[in-house]
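Chain residues, written in single-letter form:
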Amino acid sequence: EAGVAQSPRYKIIEKRQSVAFWCNPISGHATLYWYQQILGQGPKLLIQFQNNGVVDDSQLPKDRFSAERLKGVDSTLKIQPAKLEDSAVYLCASSPGPGAYEQYFGPGTRLTVT
Amino acid sequence: SQQGEEDPQALSIQEGENATMNCSYKTSINNLQWYRQNSGRGLVHLILIRSNEREKHSGRLRVTLDTSKKSSSLLITASRAADTASYFCATDVQTGANNLFFGTGTRLTVIP
């Protein structure tokens, strides 16, 4: 079974530039998550999708971050404009459903904002 | 914050020894999960324990949950160098959209 795919793996941008990350979840998984993991900390949820609808985006900085999941499969996360404090690993995860299911994580995208 | 907190922050043991790490959380939960993260395999689910369970085993892993104390422990027996990683507890709180709140992690080093 193919795992969660993410691209790119690494990205370096200057502050105020924009960047986009892509995620392809495990086939058949209805729930998709984006997390931000700052060095030395645990992952922090940014947004949860159920199929192509947003379930929870309460921790997403909506002034600069946006995410979409078209057709309930692939998802993109965008940052515009980026700030220095956005430097982190962005993890995508999927699961068969919310709650009492394990989440399957992709390898992440390491973003460095200079 | 609804995040759990792991204790200790870092742990170093010899291969073959047991490793115990603890997690405390603040709000009532539906379930608690443990994940491992290393550079080779990324973040991987280890075990899930529901709020009505007190203990669960999976191979060399043993997890306990005490909801009255809002705490959990993860025991890894007969550790191996390959167990070197960061371990996170993640709680699925009872209020909200069934999201997971991750703790700050315990960094485990197993010395060959």
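Quick note: structure is the one above.
Only a predicted model underlies this, so the values are computations on that prediction, with no experimental measurement involved. (Residues numbered from 1 in each chain as written. Chains lettered and ligands numbered in written order. Predicted model: local features only at pLDDT ≥ 70, side-chain atom pairs only at ≥ 80, totals over all residues. Heavy atoms only, no water.)

S.K.: So what exactly am I meant to see when it comes to the overall build of chain B here?
M.R.: Regarding its fold elements, chain B presents zero helices and eleven strands. For chain B, the sequential pattern of α-helices and β-strands runs β-β-β-β-β-β-β-β-β-β-β. For chain B, the C-alpha radius of gyration of 13 Å lies close to 13 Å, the compact-globule estimate for 112 residues. Counting only C-alpha atoms and orienting by the principal axes, one finds that chain B spans roughly 45 × 25 × 20 Å. Relative to its full complement of 112 residues, chain B shows a buried share of 47%. Intrachain contacts of chain B at a sequence separation of at least 6 include 55% that bridge at least 24 residues. Working note: accessible area of chain B is about 5,200 Å², and carbon and sulfur atoms make up 44% of it. Treating the 12 positive side-chain charges of chain B as one cloud and the 10 negative ones as another, the clouds have centres 4 Å apart. (Helix = DSSP H or I, 4+ residues; strand = E, 2+ residues; numbered from the N terminus. Rg over C-alpha atoms; globule rule 2.2 N^0.38 Å. Buried < 20%, exposed > 50% of the residue type's maximum accessible area, 1.4 Å probe, protein only. Contact = heavy atoms within 4.5 Å. Areas by Shrake-Rupley, 256 points an atom, 1.4 Å probe, with all protein chains shown as cover. Lys, Arg positive; Asp, Glu negative; His and termini not counted. Charge placed at Lys NZ, Arg CZ, Asp CG, Glu CD.)

S.K.: Sorry if this is basic, but what is going on with the pairing of strand S7 (residues 65-68) of chain A here?
M.R.: The two faces of the sheet receive side chains in turn, since in a regular strand these alternate between them. Residues and elements named next belong to chain A. Taken together, the four bridges between S7 and strand S8 (residues 75-79) define a ladder with antiparallel strand orientation. Looking at the pairing, Glu-68 lines up with Thr-76 of S8. Following S7, the chain reverses through six residues before pairing antiparallel with S8; Lys-71 in that reversal takes a positive phi of roughly 60°. (Pairing = 2+ DSSP bridges.)

S.K.: Is there a simple way to think about the interface of chain A and chain B in this case?
M.R.: Often the size quoted for an interface is simply the accessible area lost on bringing the parts together. Taken together, the contact pairs 20 residues of chain A with 19 residues of chain B. Each partner contributes to the roughly 1,400 Å² buried at the junction of chain A and chain B, and carbon and sulfur atoms together form 51% of this total. The interface formed by chain A and chain B contains zero salt bridges. For the pair chain A and chain B, the number of links is five residue pairs in polar contact (both at pLDDT 80 or more). Going through the elements one at a time, strand S4 (31-37), strand S5 (44-50) and strand S6 (53-56) of chain A are the ones with two or more residues in the side of chain A that touches chain B. A per-element tally of the side of chain A that touches chain B places S4(A) first, with three residues. For the side of chain A that touches chain B, the class distribution of residues is ten nonpolar, eight polar and two charged. (Buried area = accessible area lost by both parts, 1.4 Å probe. Salt bridge = Lys/Arg side-chain N within 4 Å of Asp/Glu carboxyl O. Polar contact = N/O pair within 3.5 Å; in protein donor to acceptor, adjacent residues only side chain to side chain. Nonpolar A, V, L, I, M, F, W, Y, C, P; charged D, E, K, R; others polar.)

S.K.: I would appreciate a short explanation of the pattern of salt bridges in the present structure.
M.R.: Charged atoms that come close allow side chains of opposite charge to pair. Within this structure, the stated rule accounts for five salt bridges over all chains. With its nearest N and O atoms 2.5 Å apart, the salt bridge here joins Asp86(A) to Arg64(A). Taken together, the residues Asp86(A) in the loop between S8 and strand S9 (88-95) and Arg64(A) in the loop between S6 and S7 connect sequence positions 22 residues apart. Accessibility expressed as a relative area gives 3% for Asp86(A), which makes it buried. In this structure, Arg60(B) and Asp83(B) form a salt bridge, with 2.9 Å as the shortest nitrogen-oxygen distance. Here Arg60(B) is found in the loop between strand S6 (55-58) and strand S7 (61-66), whereas its partner Asp83(B) is found in the loop between strand S8 (71-76) and strand S9 (85-93), with 23 residues between them in sequence. Residue Arg60(B) is classed as partly exposed on the basis of its relative accessible area, which comes to 23%.

S.K.: It is not clear to me how the environment of Asn52(B) should be interpreted in this structure. Could you clarify?
M.R.: Residues and elements named next belong to chain B. Considering the arrangement of structural elements, one finds Asn-52 in the loop between strand S5 (42-50) and S6. Asn-52 sits in the exposed class, given a relative accessible area of 64%. Sequence spacing of Asn-52 and Ala-81 is 29 residues, and the spatial spacing of their C-alpha atoms is 33 Å.

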